Amino acid sequence: MTRTRPRVGITTTLEEARGQHEIWRAYPDAVERAGGLPVFLPADDAYPHYEEYLSLIDGLLLSGGQDILPSLYRQEPWGGLTETWPMSPKRDRFEIQLTKLALERGVPILGLCRGLQLLVVALGGTLWQDVSLSGATKTKQIRHFQNLAAQWPSHQVTLNPGRLRAILGESSLLVNSLHHQSADRLPPTLMVSALAADGVVEAVELQGESFALAVQWHPEHLVKTDPRQLALFTALVEAAAQGRRP
Ligand code: MN
């Protein structure tokens, strides 16, 4: 059988306490709609077969989910959180190792929400453990954990010239926002692709030829109402098609 659809590996959310892997169906739906073949990867370092998993896929989609363990970006856990946000160290370790290897191999990467934070941490950057800690939010106070279903955009982002802006074809657009953390210090290999009006980093991209970009919003929940958001998945599938092994 001739294979025509580039294979896009989608990392699952590991719920360690419940002993389950979970994933919003919007992720495989968006990959399917963009012409890719969705393949689930069990994000758990009990399966540390990173080379083998990468040999199965042409592109990598880092999905949303839990907070990343602060020690993985050299911080102590901040005591001021008013809510208990879930974490999954086993998922963190799997995704960081897989992402580092994917970057080495030039496997195209699209990170969504937590996926942006994961890409930043995998490359040596740091996060704000809560957006309220980021100085910029004190003057603007944009709500980044929206009180709305995920299919509704809620705040504006402004795009810098670069790969993401070329893909979306806009210099600003409305996005949804379901995060309480954000990128702080970026590694030198990543550039800021989009900012919210309060200065929160809303997208990053790898500088150079390799395709690796990430957005803090959830485009998988917007693709049915906003075709520009589908272009993110189409760009990943096209990059995956170019680099794939026979
Ligand atoms: Mn936001």
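Basis of the calculations
Residues numbered from 1 in each chain as written. Predicted model: local features only at pLDDT ≥ 70, side-chain atom pairs only at ≥ 80, totals over all residues. Heavy atoms only, no water. Donors = N, O, S within 2.8 Å, 3.2 Å for Na, K, Ca; no water. Helix = DSSP H or I, 4+ residues; strand = E, 2+ residues; numbered from the N terminus. Buried < 20%, exposed > 50% of the residue type's maximum accessible area, 1.4 Å probe, protein only. Phe/Tyr/Trp six-rings, centres within 6.5 Å; stacked < 30°, edge-to-face > 60°. Core = buried A, V, L, I, M, F, W, Y, C linked by side-chain atoms within 4.5 Å. Contact = heavy atoms within 4.5 Å. Expected span 1.5 Å × (residues − 1).

(A) Molecular detail of the coordination of the manganese ion. Taken together, the protein donors to the manganese ion comprise His144 (ND1), His155 (NE2), Ser177 (OG), His179 (NE2) and Glu202 (OE), at separations of 2.2 to 2.4 Å. Counting along the primary sequence, the residues that act as donors to the manganese ion give the motif H-x10-H-x21-S-x1-H-x22-E. Here histidine 144 is found in the loop between helix H5 (137–140) and strand S8 (155–159), whereas its partner serine 177 is found in the loop between strand S9 (172–175) and strand S10 (182–183), with 33 residues between them in sequence. Serine 177 sits in the buried class, given a relative accessible area of 0%.

(B) A look at the packing of aromatic side chains. If you walk through the whole model with that rule in mind, you get four aromatic pairs. Centre to centre, the rings of tryptophan 24 and tyrosine 27 are 6.3 Å apart; their planes meet at 15 degrees, and the pair counts as stacked. Among the residues examined, tryptophan 24 registers a relative accessible area of 44% and is labelled partly exposed. The buried category is assigned to tyrosine 27, whose relative accessible area is 2%.

(C) Quick peek at the nonpolar core. With 32 residues, the main nonpolar core has Leu54, Leu60, Leu98, Ile109 and Val204 as its most contacted residues. Among the secondary structure elements, those contributing two or more residues to this core are helix H2 (50–56), strand S5 (59–62), helix H3 (89–105), helix H4 (114–122), strand S12 (201–206) and strand S13 (212–215). Leave out the neighbours within four places in its chain, and leucine 60 touches Gly9, Thr11, Leu41, Leu98, Thr99, Ala102, Val107, Pro108, Ile109, Leu110 and Leu236. Counting 30 residues, the second-largest nonpolar core is a separate cluster that includes Ala34, Leu168, Ala235 and Leu236.

(D) Representation of H3 within the structure. The terminal C-alpha atoms of H3 lie 24 Å apart, and with 17 residues this matches the ideal 24 Å at 1.5 Å per residue to within 8%. Once H3 ends, the next one or two residues include glycine 106, with phi positive near 75 degrees.

(E) Focus on the environment of histidine 49. On the secondary structure map, histidine 49 appears in the loop between strand S4 (37–41) and H2. Placed 45 residues apart in sequence, histidine 49 and phenylalanine 94 show a C-alpha to C-alpha distance of 9.2 Å.

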